[in-house]
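Structure at a glance
Here is how the chains run, residue by residue.
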Amino acid sequence: MGTVYAIANQKGGVGKTTTAVNLAACVAEAGYESLLIDMDPQSNATLGLGIDKYAKPTVYDALVGDLELRSAVVESGIARLAVVPAGPDLAGSTVELPRLPGSENRLRDVLAPLRDRYAFVLLDCPPSLGPLTVNALVAADRVIVPVQAEYFALEGLAGLLDTLALVQRELNPKLTVAGMLLTMHDGRTRLAQDVEREVREHFPALVFETVIPRNVRVGEAPSFGKPVIHYDPHCAGADAYFELAKEVAARG
Ligand code: ADP
Ligand code: MG
């Protein structure tokens, strides 16, 4: 059975989607069957893989309707990487989900029949701790927390860890933190170095050794509908996401 990773942080713009898309592409490139599920109504992961955000069906139809999740799986055009797209309809599920029976378990339940097919399932979460993120955390085995190497990086992390502990206690005892990932790190600045030191001191053993540099190619790749390893395989961002894939696979 494969491992399910939620990529979560309630802050927006910290590199969740970038990490979900690029980590998924790197594990697929390394030979693992992988599935990326876009859990954000903004559909940035869907768009970043060149899939139309008005494509139907989406993860919404499986979460709220009674469609089987496998009917919403589409090919990404990249070997071994399949995708369940999101669309704007997913926004409504934050209201609809809590009204449904077993609302926190919907994703876990629809994902269950597919888990054997994929070595890695990555869940790209929206920037909130609402019902969609809770569904992802209940369906997941591990959480990856991207942390932008900027001022205020630690702000909000305590709240996120509290939510993780709550989900672990009440809904999903097997959930663990795979690691915190420093993203958009600009090694030339004192600030990035200070933030990195602070995060590592605060959360020893929890921070991935791999650091994702701020890299123009990483930022450009989604506008071409490609992960960075397919857009510019030799840039620093592609190297970093490859290293991360190795570290994630090694941590198990
Ligand atoms: P989130 O999903 O947490 O909201 P994104 O992954 O969408 O964050 O990243 C926010 C913005 O930062 C996007 O425009 C993305 O392209 C850009 N970005 C993310 N990581 C990097 C990086 N390592 N280097 C340069 N730009 C990045
Ligand atoms: Mg995002």
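Preceding this paragraph is the structure being described.
Keep in mind the model is a prediction, meaning the values are calculated, not measured.

Remarks on the layout of surface pockets
Approximately 280 Å³ is the volume found for the largest pocket. What lines the largest pocket is a set of 19 residues, among which G15, K16, T17, T18 and N44 lie closest to the centre. Of all the elements in the fold, those that place two or more residues in the lining of the largest pocket are α1 (16-29) and α2 (44-48). No other element matches the five residues that α1 contributes to the lining of the largest pocket. Residue composition of the lining of the largest pocket, grouped by class: seven nonpolar, nine polar and three charged.

Observations concerning unusual backbone geometry
Cis geometry is adopted by the peptide bond preceding P57, which originates at K56 and carries an omega value of -5°. Among the secondary structure elements, P57 is positioned in the loop between α2 and α3 (59-63). Even without being glycine, S43 reaches a positive phi, approximately 60°. Relative to the helices and strands, S43 is located in the loop between β2 (34-38) and α2. We note that F152 has phi near 75°; this positive angle belongs to a residue other than glycine. One can find F152 in the loop between β6 (142-148) and α7 (157-170).

A look at the pattern of salt bridges
One pass over the structure, following the stated rule, counts 16 salt bridges. Here E68 and R70 are joined by a salt bridge, their closest N and O atoms 3.1 Å apart. Residue classification places E68 among the partly exposed residues on the basis of a relative accessible area of 46%. Salt-bridge contacts for D194 lead to R190; the nearest nitrogen and oxygen are separated by 3.4 Å. With D194 and R190 both in helix α8 (residues 190-202) and four residues apart, this pair spans about one turn of that helix. With a relative accessible area of 24%, D194 lands in the partly exposed category.

Some thoughts on the pairing of strand β7 (residues 176-183)
Along any regular strand the residues' side chains alternate between the sheet's two faces. Judged by how many residues are buried, β7 sits mostly within the fold: six of eight residues are covered. Alignment of β6 against β7, held across seven bridges, turns out to be parallel. The partner of I144 across the bridge, within β7, is G179. Regarding topology, α7 serves as the crossover connection from β6 to the parallel β7, and that connection is right-handed.

Regarding the site of ligand 1
In the vicinity of ligand 1, 14 residues are found, and the nearest of them are G13, T17, T18, P213 and N215. A distance of 2.9 Å separates an oxygen atom of ligand 1 from a polar atom in the side chain of T17. One of the backbone nitrogen or oxygen atoms of P213 is found 2.8 Å away from a nitrogen atom of ligand 1. Expressed as a share of its isolated accessible area of 560 Å², the protein-covered part of ligand 1 is 77%. At the level of elements, α1 and α9 (216-220) are the ones that each hand at least two residues to the shell around ligand 1. A total of three residues in the shell around ligand 1 trace back to one element, the largest contributor, which is α1. Among the residues making up the shell around ligand 1, the classes are represented as five nonpolar, seven polar and two charged.

Re helix α6 (residues 131-139)
Count 3.6 residues to each turn of an α-helix, and residues three or four apart come out pointing the same way. Extensive coverage of α6 is indicated by the burial of eight of its nine residues. Of all the residues in α6, the buried ones are L132, T133, V134, N135, A136, L137, V138 and A139.

A few points about the side chain of D38
Within the element layout of this structure, D38 appears in strand β2. In this structure D38 is buried but unpaired, with K53 as the nearest side chain of opposite charge at 10 Å. Engagement of the side chain of D38 in a polar contact is seen with the side chain of T46, the distance being 2.6 Å. If we ignore the near neighbours within four places in the chain, the residues touching D38 are S43, N44, A45, T46, V59, V84, P85, A86, L90 and D124.

As for the packing of aromatic side chains
Tallying each qualifying case throughout the model produces four aromatic pairs. With a centroid separation of 5.0 Å and 75° between ring planes, the pair formed by Y32 and F120 is classed as edge-to-face. Residue Y32 is located in the loop between α1 and β2, and its partner F120 is located in strand β5 (residues 120-124); the two are separated by 88 residues in the primary sequence. Assessed through its relative accessible area of 35%, Y32 is described here as partly exposed. With relative accessibility at 6%, the residue F120 sits in the buried group. Between F224 and Y231, the ring centres sit 4.9 Å apart and the planes meet at 20°, which makes this aromatic pair stacked. Look at F224 and you get exposed, because its relative accessible area is 51%. The rings of Y5, Y32 and F120 are connected pair by pair, giving a single aromatic cluster.

Thresholds applied
- Residues numbered from 1 in each chain as written.
- Chains lettered and ligands numbered in written order.
- Predicted model: local features only at pLDDT ≥ 70, side-chain atom pairs only at ≥ 80, totals over all residues.
- Heavy atoms only, no water.
- 1 Å grid on protein atoms, 1.4 Å probe; cavity = no way out; pocket = protein on both sides within 12 Å on 5 of 7 lines; lining within 4 Å.
- Points joined across faces, edges and corners; volume = space filled by probe spheres on them.
- Helix = DSSP H or I, 4+ residues; strand = E, 2+ residues; numbered from the N terminus.
- Nonpolar A, V, L, I, M, F, W, Y, C, P; charged D, E, K, R; others polar.
- Salt bridge = Lys/Arg side-chain N within 4 Å of Asp/Glu carboxyl O.
- Buried < 20%, exposed > 50% of the residue type's maximum accessible area, 1.4 Å probe, protein only.
- Pairing = 2+ DSSP bridges.
- Right-handed = clockwise from strand over helix to strand, strands pointing away.
- Near = heavy atom within 4 Å.
- Polar contact = N/O pair within 3.5 Å; in protein donor to acceptor, adjacent residues only side chain to side chain.
- Areas by Shrake-Rupley, 256 points an atom, 1.4 Å probe, with all protein chains shown as cover.
- Lys, Arg positive; Asp, Glu negative; His and termini not counted.
- Contact = heavy atoms within 4.5 Å.
- Phe/Tyr/Trp six-rings, centres within 6.5 Å; stacked < 30°, edge-to-face > 60°.

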